[in-house]
Amino acid sequence: MKKGNAAFVFCTVLLLWCGTAFGACIDNFDDIHRTTKQEVAAKQGKVTVSVNGDVLKEDYRCIVEPEIILEETKKGTIQDGSVIYFKTDENGKRFFSQKDYWIETEGLSATMKETEGESFDFALSIQRKNTNSLAKIKITFTPYISMEQWEKEENVTVIPLWLDVSTEKNNNLFAYAQNTKDILLNEYFLTALNEEEIIKNNLQSTEPVSEMIFTVDSNVAKWKEKTIQLKHSIFLTDTGKTMISFEDFQNIIEILKNDKKNIGTLYTQKQYSVLTEDIFTILLPQKQIQKGENQLYDLLEKEDGYYVPFRLFGDIFETNVLWNGQQKTVTLWV
């Protein structure tokens, strides 16, 4: 098939599919704009700050991973010895801690420390030997709250995230003339829902939902009193991410596609796309997972093939993906 014809077929399928109404979500918080991106001025240039917020639900330790990503627009903007200061509101201390995070960097090194304050305030100290390449910092959190604490929570607790630009902070990278007050990075850095709110929202669903349960180190899944055989075992990374093989991911998508009749798929040797009201694409050569043109996650490559995070199911089906730490199970509501 010629490239032009292939593109026409793809666009035709996409237009037809986008005209199909997607099934109701389990909760009505999926319309919150939890991903933000903005450029912030520093003395030597600008830094792009992207924040991916998330929703934490009671009863399980949900697989939630709010992220902060900082990227230079010009080499050398983030300097050696600089410090980047962040803060939440007073609710942040109950959900975040200095232990529940990990940092990935390119072109420099960064260490994190929790600073004093009523909120969850923390800072990144920068170590940098050269400026030969653009620098990038990614901080991923795994917030957790105990069941005892949940009893004291309101139905919905929203935690915003700011960039602290105070000139009183030592070596503050963003203490710059243009930044006259703290910069709101994401109003919904973390949204916490308790059980009562979840039950209320579940009752609003217009279609029945069922549990598909996966267990770490097991190659079977349970759904509707059926057993689904997986080619590879589910595994948990050192950083706490639960992963499923790309082959098994495709198989689960096909099973749910046949059950729900409201999604489509397109597959070539280099990429695999799932079509709902959005397009989710797994790019194999680039080892990336995208929603539209925006990158969501990285694809993990192991000796036995590629792996994708379970969170991708939640993004595609706009549903809950829940982690039970005691039983080491992942539950997908579909």
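Refer to the structure above for everything that follows.
Small disclaimer: the values here were computed from a predicted structure and weren't measured. (Residues numbered from 1 in each chain as written. Predicted model: local features only at pLDDT ≥ 70, side-chain atom pairs only at ≥ 80, totals over all residues. Heavy atoms only, no water.)

A. Looking closely at the pattern of salt bridges. Per the stated rule, a full pass over the model turns up 10 salt bridges. Between Asp182 and Lys87 there is a salt bridge, and its shortest N-O distance comes to 2.7 Å. Of this pair, Asp182 sits in the loop between β11 (156–164) and β12 (183–193) while Lys87 sits in strand β6 (residues 83–88); the two residues are 95 residues apart in sequence, bridging distant segments of the chain. Asp182 sits in the partly exposed class, given a relative accessible area of 25%. We classify Lys87 as partly exposed; its relative accessible area is 24%. Between Glu247 and Lys231 there is a salt bridge, with its nearest N and O atoms 3.6 Å apart. You can see Glu247 sitting in helix α5 (residues 246–260) and its partner Lys231 sitting in the loop between β15 (226–229) and β16 (235–236), a full 16 residues away along the chain. (Salt bridge = Lys/Arg side-chain N within 4 Å of Asp/Glu carboxyl O. Helix = DSSP H or I, 4+ residues; strand = E, 2+ residues; numbered from the N terminus. Buried < 20%, exposed > 50% of the residue type's maximum accessible area, 1.4 Å probe, protein only.)

B. Here's a closer look at the pairing of β6. Of all 6 residues making up β6, 5 are buried, and the element is well covered by its neighbours. Taken together, the 4 bridges between β6 and strand β9 (residues 121–127) define a ladder with antiparallel strand orientation. Bridge pairing in β9 places Ile84 opposite Leu124. (Pairing = 2+ DSSP bridges.)

C. Main features of the sheet that holds β11. Spatially, the 6 strands line up as an open sheet ordered β3-β12-β11-β6-β9-β8, and their pairing is mixed. Every interior strand has two partners, whereas the edge strands, β3 (54–57) and β8 (109–115), have only one. Strand-to-strand, the axes of this sheet are offset by a mean angle of 25°, without reference to chain direction. Taken together, the 4 bridges between β6 and β11 define a ladder with antiparallel strand orientation. Bridging from a neighbouring strand, Thr88 pairs with Leu161 of β11. (Axes fitted to C-alpha atoms, helices over the stretch in contact; angles between N-to-C directions.)

D. Local environment of the pairing of strand β20 (residues 279–283). Most of β20 is tucked away, with 4 of its 5 residues classed as buried. Where strand β19 (residues 271–275) lies against β20, 5 bridges are found, and the strand directions are antiparallel. When the bridges of β20 are listed, Leu275 appears paired with Ile279. As paired elements, β20 and strand β21 (residues 288–291) share 4 bridges and run antiparallel to each other. Note on β21: the bridge partner recorded for Ile282 is Ile289. If you look at the hairpin formed by β20 and β21, you'll find 4 residues sitting between the two strands, and Lys287 has a positive phi there, around 55°.

E. Representation of the nonpolar core within the structure. Core analysis: the largest hydrophobic core is formed by 36 residues, its most contacted members being Ile68, Ile84, Phe86 and Phe174. If you tally residues by element for this core, the top one is β12, at 5 residues. Every residue in contact with Phe174, bar those within four places of it in the chain, is listed here: Val40, Ala41, Ala42, Val47, Leu70, Ile84, Leu163, Val165 and Asn179. Listed in part, the 34 residues of the second largest apolar core include Met212, Leu230, Ile316 and Val330. (Core = buried A, V, L, I, M, F, W, Y, C linked by side-chain atoms within 4.5 Å. Contact = heavy atoms within 4.5 Å.)

F. Structural context of the packing of aromatic side chains. Under the counting rule described, the total for this entry stands at 16 aromatic pairs. On the basis of an interplanar angle of 15° and a centroid distance of 5.5 Å, the ring pair of Phe96 and Phe120 is categorised as stacked. A residue pair is termed long-range when its members are at least 10 positions apart, and Phe96 in the loop between α2 (92–95) and β7 (101–106) and Phe120 in the loop between β8 and β9 qualify at 24 residues. Phe120 matches Phe96 in its accessibility class, with the two residues each being buried. Measuring from centroid to centroid gives 6.3 Å for Phe249 and Tyr272, while their planes differ by 80°, and the two rings are edge-to-face. Pair noted here: Phe249 is in helix α5 and Tyr272 is in strand β19, with a separation of 23 residues, a long-range link. By the burial criterion, Phe249 is buried, and Tyr272 matches it. One Lys or Arg, Lys302, reaches over the ring of Phe235 and ends 4.1 Å from the middle of that ring. Between Lys302 and the ring centre of Tyr307, over which it is positioned, the NZ or CZ distance is 5.3 Å. (Phe/Tyr/Trp six-rings, centres within 6.5 Å; stacked < 30°, edge-to-face > 60°. Lys NZ or Arg CZ within 6 Å of the ring centre and 35° of its normal.)

Shape is all these values report; function is a separate question.
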